[in-house]
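Coordinate inspection notes
Residues per chain are reported as follows:
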Amino acid sequence: MSNETDRTKHNPYSVSSDEVISLLGTDAARGLDSAEVEARREKYGENRLAEKKKKTLLVRFLAEFKDVMIIILIIAAVISFVVACVEKNPREFFEPVLILLIVVMNAVMGIIQESKAEKALDALKNMSAPHARVIRDGEKRVVNADSLVPGDIILLEAGDFVPADARLIKSVSLKSEESALTGESVPAEKDAALPVKDGAPLGDRTNMVFSGCSITYGTAVAVVTATGMDTEMGRIANLLSGEEDGETPLQRKLTRLGKYLGLVALVACGIVFVVGLFGSMRILDIFMTAVSLAVSAIPEGLPAIVTIVLSIGVQRMVKKNAIIRRLPAVETLGSASVICSDKTGTLTMNRMTLVRAYVDGEAETEDITDSVSEKIRHLLTYATLCCDGSVSFEGEREVHIGDPTETAIVLAAHKNGIIKSEIGESHPRVAELPFDSDRKLMSTVNRIDGELVVIVKGAVDMMESRCISGDLSRAKAVNEQMSSSALRVLAVGYKKIDKLPEKLESEALESGLTFLGLVGMIDPPRPEAKAAVATCREAGIKPIMITGDHVVTASAIAKELGILVEGDEAITGVELDAMTDAELDERLEGISVYARVSPENKIRIVKAWQRRGQVVSMTGDGVNDAPALKAADIGCAMGITGTDVAKGAADMTLTDDNFATIVDAVREGRGIYANIRKVVGFLLGTNIGEIITVFLAMLLWRTTPLLSMQLLMINLVTDSLPAIALGMEAVDAGVMKQRPKPKDEGIFAGGLGIRVVLQGCMFALLTLVGFVVGTGLSVGEIFGGALTENATALSGGQTLAFMVLALCQVVQAFNMRTERSLFAIGPFTNRTLNLAALGSTALVALVLFTPVRVAFELVALEWWKYILGLGLSLVPLFVMELCKAVGLIKHKHH
């Protein structure tokens, strides 16, 4: 139901705030009571934008059967079922039932994984849900923004996200950032008392604040007039269609691969059919061999296993403070070659810290410690008295309230035993002139030892003309020296007065001052950022600092962190605006710092690097950063300082706003991609081995060495467990010593494709040797066609072939762990793989040595054949170790 009916015929902005309060049936002082809130929530629903309808379970289940590989399997099951009906043998029905069971299991597994990922994302959404401060039942409370209803009284201050459309009741110097709605880049000034004409455009409704915008300055009390889809933001949301979540590039490659393998299977089936007909085989036998080939060609578990590996990677990243919103970002991260990072809070602590001070008459500055000289204590006392900011302590945690430059002064004083609340009592404030951006000064009048003292603090250039005593030329030199070290400098001055002037004006209070000293502060670099920058350079990634701060400050921090090195340059947004795209492209490689930039500049920097084929990661926190986050290959939003708009546009959210977390995420991204390559190589090696085995045996001996249900057992049971475990392999220690992989590099790059084919040939050869030995017939008898008449010999051959191929896969899983020698990293250091290998071996043993073998048409063999089978299964270990030793398989290291 729309809120419109309750709002009156007038728009809330065109009537007085008292009328709006009355029409909404609320109370400005007490707010709504809890019962009324519940009633209104029933009526209006939650204060959130409508989401896309989720697919039903049935639709998602059926979607799992769209895959070409799965369709081929279903066709194979139908053929198998028809053959079973024609043969009228109940045992023949086991095969189609098994194939269908596996297909359904695969679909269920896919849905479970998808649901898990969805639930994890929903939980993350709730974690970052915005809050609102309200007055309900006469008390101030913090509630989830989605629980607001029309008529709620909300409190707003600088930095708050506006949770719903609201009419201002009271406002003090209020400004709201409304670019998301109006496109205005400058925050709009707001005033509760200003009348607005009915029908005024959105940007002129100065007595309203709107959902999705943020407060940049001042404070306000407002009454909620619209929630959810009835807000101005809700109307826009109706116009925007939800973006479909596409497949990841990797999943698209694997889908294509599935289609190619399906084609290979069909071509192989066609050849087998022709060979079978000419070799006068029974049509039913030909059909069953074709089914075996179709099954052998398709890596049934591959799509599900890749999704599992990606999901495990995403969960691993959450533990490292990086929340991935879209799976493709995991792969893209592995290719990141440029990281553009904000300075404040990401590369620095986002906490102004007082580091140096200067007292008039002294020769040198003094570093701020927790035991400063008496003169500095005097300076800190006066500076603290002239501060509105405060610092409180909750256990070990510091809570800074107010302007960061002021809290830096208050904290430095506190560490030296000068407690703001205590000196505020002993030297009470009797009057003040608040800071404003024109004067760039703040003044207080305090009663100190029975005398009235005016204390003034502010910008050095503003204080200079107002001081009549003190060594100002020396102060100017010290200020320049501190500023060149990227310190933000404030000057402190004072004078004694006999009585308070009748009118508190700057002219009277802020003149004729005695210069007391300077305090210098900086937002210090994060201790872990320097190491992270060094890791970037080693990994072939260019770190770039982008900031709204001054170029001197930015350059000093960038040099300290190793971002700005010899030969690099730092430029401002104005200089960037003056460049053409061609000039920017020419100088791009050498620019490491961009200072005083606009959001438009950020997009331009991203596009310039992308023109060079680089994969760009960009950080951002404001609403205005959203376009740059979307334009970047990997948008990283800030979890602490980031707005909801920025988080929505980003691929990844950093829960600790830390540059080192981006570098960790790149390491994980590279590790995940490397693991997926291992999994794909491992599974396809098996499939190629199976195709060659069945195809060659058919051409040579007109029979199949493996039945389709035996192949399915290998593909889905003995292969899947080690494949998942391989996907959980720890990130290789040397992964950040490699260059980023090119954007368009295929999954089989670096010789993996050739290796997979050669490994498939090796498995086929070993399986065929096992098959021949298992039959107990001589090579001459086999080539003479004895197998078609001797069912016992055929079953013996199939049993040993099954054992060799299944156990070869278990051994190969260990080989695929690394491109170095397995013994260099320790053969059993992946505990998950050890358990998976044990599980797979146990299942193979179950099928070989218990009555279960009857269902799979296997037989008992002589003991020596089992030992020989075990020996053949270990051959891949020796072959792969030899290849690694002689350099046929090279460990990537640039």
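Residues numbered from 1 in each chain as written. Predicted model: local features only at pLDDT ≥ 70, side-chain atom pairs only at ≥ 80, totals over all residues. Heavy atoms only, no water.

**Quick notes on the pairing of strand 13 (residues 397–401)**
Here five bridges tie strand 12 (residues 390–394) to strand 13, and the two strands are oriented antiparallel to one another. Among the inter-strand pairings, E394 is bridged to a residue of strand 13, identified as R397. The loop that links strand 12 with its antiparallel partner strand 13 comprises two residues; one of these, G395, has a positive phi angle of about 65°. (Pairing = 2+ DSSP bridges. Helix = DSSP H or I, 4+ residues; strand = E, 2+ residues; numbered from the N terminus.)

**Some remarks on the packing of aromatic side chains**
Counting across every chain of the model gives four aromatic pairs. Between F814 and F828 the ring centres are 5.9 Å apart and the planes differ by 75°, which places this aromatic pair in the edge-to-face class. Note that F814 is positioned in helix 31 (residues 791–815) and F828 in the loop between helix 32 (822–825) and helix 33 (831–849), a separation of 14 residues in sequence. Using a relative accessible area of 11% as the deciding quantity, one classes F814 as buried. Above the ring of Y673, the side-chain terminus of K741 is found at 4.3 Å from the ring centroid. (Phe/Tyr/Trp six-rings, centres within 6.5 Å; stacked < 30°, edge-to-face > 60°. Buried < 20%, exposed > 50% of the residue type's maximum accessible area, 1.4 Å probe, protein only. Lys NZ or Arg CZ within 6 Å of the ring centre and 35° of its normal.)

**Examining the packing of helix 29 (residues 752–775) against helix 34 (residues 863–886)**
Orientation of helix 29 relative to helix 34, taken along the N-to-C sense of each, is 165°, at an axis distance of 11 Å. By the angle class used here, helix 29 and helix 34 are roughly antiparallel. Crossing of helix 29 over helix 34 shows right-handed handedness. Facing Q759, M762, F763, L766, V769, G770, V773 and G774 of helix 29, the residues of helix 34 in contact are W864, K865, L868, L872, V875, P876, V879 and M880. Taken together, the residues of the contact of helix 29 with helix 34 break down into twelve nonpolar, three polar and one charged. (Axes fitted to C-alpha atoms, helices over the stretch in contact; angles between N-to-C directions. Parallel < 35°, antiparallel > 145°, perpendicular 65-115°, else oblique. Left-handed = near helix turned anticlockwise from the far one by under 90°. Contact = heavy atoms within 4.5 Å. Nonpolar A, V, L, I, M, F, W, Y, C, P; charged D, E, K, R; others polar.)

**Observations concerning the pattern of salt bridges**
One pass over the structure, following the stated rule, counts 35 salt bridges. Linking R205 and E232 is a salt bridge whose minimum nitrogen-to-oxygen distance equals 3.4 Å. On the criterion of sequence distance, the pair formed by R205 in the loop between strand 5 (188–190) and strand 6 (208–209) and E232 in helix 8 (residues 232–239) is long-range, its members being 27 residues apart. Summarising the burial analysis for this pair, R205 and E232 share the class buried. Here K375 makes a salt bridge to E362, at a shortest N to O gap of 2.8 Å. Of this pair, K375 sits in helix 13 (residues 374–385) while E362 sits in the loop between strand 10 (353–359) and strand 11 (366–367), and the two are 13 residues apart along the sequence. (Salt bridge = Lys/Arg side-chain N within 4 Å of Asp/Glu carboxyl O.)

**Quick notes on the pairing of strand 22 (residues 591–595)**
For a regular strand, side-chain orientation follows a simple rule: the groups alternate between the two sheet faces. In terms of burial, strand 22 is a largely internal element, five of the five residues being buried. As defined by bridge partners, strand 20 (residues 542–546) adjoins strand 22 across two bridges and the pair is classed as parallel. Looking at strand 22, one finds that M545 is bridged to V593. Summarising the sheet, strand 21 (residues 569–572) and strand 22 pair through four bridges and their orientation is parallel.

**Description of the nonpolar core**
Grouped together as the largest cluster of nonpolar side chains are 97 residues, with contacts concentrated most on L518, F659 and I676. Per element, the largest residue contribution to this core is 15 residues, and it comes from helix 26 (residues 659–701). Aside from chain neighbours lying at most four places away, what touches I676 is L250, V306, V309, L310 and I747. Core analysis: the second largest hydrophobic core is formed by 60 residues, A76, I691, M713 and L800 among them. (Core = buried A, V, L, I, M, F, W, Y, C linked by side-chain atoms within 4.5 Å.)

**Some thoughts on the sheet that holds strand 8 (residues 322–324)**
Judged by pairing direction, the sheet is mixed, and its eight strands sit side by side in the order 8-25-24-23-9-20-22-21 without closing on themselves. Lying at the two open borders of the sheet, with one neighbouring strand each, are strand 8 and strand 21. Going from strand to strand, the sheet's axes swing by 20° on average, the running direction of each strand aside. Together, strand 8, strand 24 (634–638) and strand 25 (652–654) form the strand contacts of helix 12 (residues 328–335), whose direction differs from that of strand 8 by roughly 125°. The sheet strands contacting helix 20 (residues 551–561) are strand 20, strand 21 and strand 22, and the helix crosses strand 22 at an angle near 140°.

**Some points on the environment of G389**
By secondary structure assignment, the location of G389 is in the loop between helix 13 and strand 12. With 21 residues separating them in the primary sequence, G389 and V410 have C-alpha atoms 7.4 Å apart. Ignoring sequence-local partners within four residues, the contact set of G389 consists of I401, G402, E406, T407, V410 and K420.

**Remarks on the packing of helix 31 against helix 34**
Running from N to C, helix 31 and helix 34 cross one another at 30°; their axes reach a closest spacing of 9 Å. By the angle between their axes, helix 31 is roughly parallel relative to helix 34. Regarding helix 31 and helix 34, the two cross each other, and that crossing is right-handed. Across the interface between the two elements, L800, M803, V804, L807, C808, V811, Q812 and N815 of helix 31 pack against K865, Y866, G869, L870, L872, S873, L874, P876, L877, M880 and K884 of helix 34. For the contact of helix 31 with helix 34, the class distribution of residues is 13 nonpolar, four polar and two charged.

**Section: the side chain of T703**
Position of T703 relative to the elements: it lies in the loop between helix 26 and helix 27 (708–718). A relative accessible area of 9% places T703 in the buried class. Filtering out sequence-adjacent residues up to four positions away, T703 remains in contact with A697, M698, F771, L787 and L794.

**So, helix 3 (residues 34–44)**
For helix 3, every residue scored as buried is listed here: V37, R40 and Y44. Buried residues of helix 3 fall within an arc of 70° about the axis and therefore sit on the same side. Opposite the buried face of helix 3, by more than 90 degrees, sit the exposed residues A35 and E42. Phi turns positive, to about 80°, at G45, one or two residues after helix 3. (Arc of directions from axis to C-beta.)

**So, helix 13**
Helix length check: helix 13, at twelve residues, gives a terminal C-alpha distance of 17 Å against a target of 16 Å (1.5 Å per residue), a fit within 8%. Residues of helix 13 that are buried include every one of I376, L379, L380, T381, Y382, A383, T384 and L385, and no others. (Expected span 1.5 Å × (residues − 1).)

**Focus: the state of the cysteines**
Taken as a whole and judged by the stated rule, the model has zero disulfides. C340 carries a free sulfur, and the closest cysteine sulfur to it, the one in C636, is 10 Å from it. By relative accessible area, C340 is classed as buried at 0%. Take C883: it sits in no disulfide, and the sulfur closest to it among the cysteines is that of C761, at 13 Å. (Disulfide = S-S within 2.5 Å.)

**Looking at a nonpolar patch on the surface**
A cluster of nonpolar side chains, V267, I271, L696, L699, L700, V779 and F783, forms an exposed patch at the surface whose accessible area comes to about 570 Å². Here the element with the most residues in the nonpolar patch is helix 26; it accounts for three residues. Assignment of secondary structure puts I271 in helix 9 (residues 249–278). Residue classification places I271 among the partly exposed residues on the basis of a relative accessible area of 35%. (Patch = residues over 30% accessible without salt bridge, like charges linked within 9 Å, V, L, I, M, F, W, Y side chains within 5 Å. Areas by Shrake-Rupley, 256 points an atom, 1.4 Å probe, with all protein chains shown as cover.)

**A few points about unusual backbone geometry**
Of note in the backbone geometry, N321 takes a positive phi value of approximately 75° without being a glycine. You can see N321 is positioned in the loop between helix 11 (302–319) and strand 8. On the basis of relative accessible area, N321 is assigned to the partly exposed category, the value being 30%. With a phi close to 50°, D449 is a non-glycine residue in the positive phi region. Here D449 shows up in the loop between strand 15 (441–448) and strand 16 (451–458). D449 sits in the exposed class, given a relative accessible area of 69%.

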